[in-house]
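A structural walkthrough
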Amino acid sequence: MHEASVAKDLLDLVLAACGGQRILRVGLELGELSTVVPDALRFAWEVVPAGTLAEGSAVDIARIPVRVRCPSCSFTGHPVSIFEGCPRCGTISVEVLAGRELRVTTIEVADHASD
Amino acid sequence: MHQIDVGSSILAHNDALAMHNREHFIEEGVYVLNLMSGPGAGKTTILEQTVRALSGKYRIAVIEGDVQTSQDADRVAAAGAPVIQINTGGACHLDARQIHDNLHTFALDALDLLIIENVGNLVCPAEFDLGEHDKVMVLSTTEGADKPSKYPVMFHEARAMLLNKIDLLPYLDFDTEKALRDARALNLDLDIFQVSARTGAGMEGWYAWLEQRIAKVRASR
Ligand SMILES: Nc1nc2c(ncn2[C@@H]2O[C@H](COP(=O)(O)OP(=O)(O)OP(=O)(O)O)[C@@H](O)[C@H]2O)c(=O)[nH]1
Ligand SMILES: [Mg+2]
Ligand SMILES: [Zn+2]
């Protein structure tokens with residue numbers, strides 16, 4: 001529901017990183033547990049960068065699956081769901097190692113204003 | 001065309017501010033709670049009761065996050081605690097900057113307990129650390145027992161959960177066992193209190209828990 005405010009923070013980040021060059025593409029990692037909805041973020045990204053170097057840029061979203069660590073048997077890997085707990089020994093309340101990401105990985109920028 | 005590695009979290013800015021808030025809270029020895037739930041689960045009612053029950057013993061203040069109105073803030077003020085109202089202007093959660101902007105309105109070192117009522121929403125508040133010591137969830141019997149399994153992130157993060165509106169159980173088909181089982185499956189350490197903020201049933205356990213948490217933070221001041 002807060003994709004517009006996420007898009008604004010994202011815009012600040014990529015504008016700070018782009019070295020004054022036009023931004024063509026933004027690469028994101030979005031964990032399966034993140035509350036951000038990919039389509040809503042793409043939609044917000046069509047509007048939020050208007051009038052900046054990121055206007056018209058594409059956004060690539062890579063979903064990151066949930067990975068957990070079991071505190072009892074040290075299993076590390078993908079659970080069936082975070083509800084099922086440890087797939088090896090059934091321990092509940094596993095530690096979440098991955099799946100909460102909301103990160104910018106790379107941006108693609110134009111070399112010249114004319115690109 | 002070329003690529004630039006960025007590698008930063010979009011939430012980094014919020015997380016940094018939350019860490020800054022947390023340093024303030026630790027330094028001043030005030031225990032801070034982030035109270036979260038879906039709309040209407042009973043956060044403000046629980047706050048009113050808690051303020052009434054504990055304000056003779058502790059110095060309590062409240063930050064009210066509300067999309068539009070000051071109704072919740074007025075209710076808590078009437079119960080006897082200083083309140084700051086943050087209107088999120090349509091936003092679905094509070095963020096660390098809003099908390100930081102308002103921190104210096106309270107003399108934090110003159111407080112024992114600061115409770116932040118987040119915007120009623122089961123999704124978004126989980127993503128925004130405010131710098132609190134603990135997140136506490138309220139689930140009400142009228143929302144249905146499926147909420148922990150449908151909104152796992154919020155329940156996963158919480159330190160305690162109040163199951164509120166138990167006075168209505170006779171009129172509902174709420175499956176208490178399922179709700180508690182699902183919440184515990186997400187979070188083994190979750191302390192659970194079954195309460196009615198309306199009748200006061202079960203609230204003593206919640207107050208005792210709060211007193212313990214306050215004492216712990218005070219002791220390390
Ligand atoms: N029967 C019953 N009603 C309750 C209880 N606690 C709260 N309510 C009622 O539930 C409604 C919503 O309560 P609030 O305290 O305003 O809930 P809230 O979570 O602060 O709501 P928002 O801030 O709008 O998300 C009010 O009409 C309360 O009187 C309870 O324990 N039992
Ligand atoms: Mg309220
Ligand atoms: Zn295991």
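In the block above lies the structure referred to throughout.
Since we're looking at a predicted model, the values are computed, not measured.

1. Some details on the coordination of the zinc ion (ligand 3)
All names here are of chain A. For the zinc ion (ligand 3), every protein donor is listed as Cys-70 (SG), Cys-73 (SG), Cys-86 (SG) and Cys-89 (SG), and the spread of their distances is 2.3 to 2.4 Å. Relative to the metal, the four donor atoms surrounding the zinc ion (ligand 3) lie at angles of 105 to 114 degrees, and the coordination shape comes out tetrahedral. In primary-sequence terms, the residues that donate to the zinc ion (ligand 3) follow C-x2-C-x12-C-x2-C. Of this pair, Cys-70 sits in the loop between strand S3 (67-69) and strand S4 (76-77) while Cys-86 sits in the loop between S4 and strand S5 (95-98), placing them 16 residues apart in sequence. In this structure, Cys-70 and Cys-86 share a single accessibility class: buried.

2. Here we look at the sheet that holds strand S1 (residues 23-31) of chain A
Reading across the sheet, the four strands line up as S2(A)-S1(A)-S6(A)-S1(B) and stay open at both edges, with mixed pairing between neighbours. Each of the sheet's edge strands pairs with one partner strand only, and the pair in question is strand S2 (58-64) of chain A together with strand S1 (2-9) of chain B. Taking each pair of neighbouring strands and ignoring which way they run, the sheet shows an average axis angle of 20 degrees. Bridge count for strand S6 (residues 102-109) of chain A against S1 of chain B is six bridges, and the pairing is antiparallel. By the bridge assignment, Glu-108 of chain A is partnered in S1 of chain B with Gln-3 of chain B. Packing against the sheet, helix H1 (residues 3-17) of chain A makes contact with S1 and S6 of chain A together with S1 of chain B, and its axis sits at approximately 45 degrees to S6 of chain A. Relative to the sheet, helix H2 (residues 38-47) of chain A contacts S1 and S2 of chain A, its axis offset from that of S2 of chain A by approximately 160 degrees.

3. Looking at the interface of chain B and chain A
Between chain B and chain A, the contact holds 32 residues from the first and 34 residues from the second. Interface area for chain B against chain A, summed over the two sides, is near 2,900 Å², with a carbon-plus-sulfur share of 63%. Summed over the shared surface of chain B and chain A, the result is one salt bridge. With a closest N to O distance of 2.5 Å, Arg-100 of chain A and Glu-157 of chain B form a salt bridge. One can count 14 residue pairs in polar contact (both at pLDDT 80 or more) joining chain B with chain A.

Basis of the calculations
- Every residue gets a number counted from 1 within its own chain, in the order that chain's sequence is written.
- As a convention, the first chain written is A and the first ligand written is 1, with the rest following in written order.
- Per-residue local features are limited, in this predicted model, to residues with pLDDT of at least 70; the limit for side-chain atom pairs, both in listing and counting, is 80 or more; totals at the level of whole chains, interfaces and linings are taken over all residues.
- Hydrogens and water molecules were not included; the side-chain quantities draw on all heavy atoms of the structure.
- Sodium, potassium and calcium take a 3.2 Å donor cutoff, other metals 2.8 Å, and in both cases only N, O and S atoms count; water is not among them, so sites may look incomplete.
- All geometry calls rest on donor angles, where a four-donor set with angles between 85 and 135 degrees is tetrahedral, four- and six-donor sets with opposite donors more than 155 degrees apart and all others between 65 and 115 are square planar and octahedral, and all else is irregular.
- The way it works is that DSSP assigns letters per residue, a run of H or I at least four long becomes a helix, a run of E at least two long becomes a strand, and they are numbered from the N terminus.
- Accessibility here uses a 1.4 Å probe with only protein chains present; expressed as a share of the type maximum, an area under 20% marks a residue as buried, one over 50% as exposed, and anything in between as partly exposed.
- Should DSSP find at least two bridges between two strands, the strands are regarded as paired.
- A fitted line through C-alpha atoms represents every axis, and for helices the fit uses only the stretch in contact; the resulting angles, taken between N-to-C directions, go from 0 to 180 degrees.
- Whether two residues touch is decided by their heavy atoms; if any such pair falls within 4.5 Å, the residues are in contact.
- What gets called buried area is simply the loss in accessible area from a 1.4 Å probe that two parts show on being joined, summed for both.
- We define a salt bridge as a contact between a side-chain nitrogen of Lys or Arg and a carboxyl oxygen of Asp or Glu at a distance within 4 Å.
- Whenever a nitrogen or oxygen atom comes within 3.5 Å of another N or O atom, the pair is scored as a polar contact, on the condition that within protein one atom can donate a hydrogen and the other can accept it, and that pairs from neighbouring residues in sequence are kept only if both atoms are in side chains.

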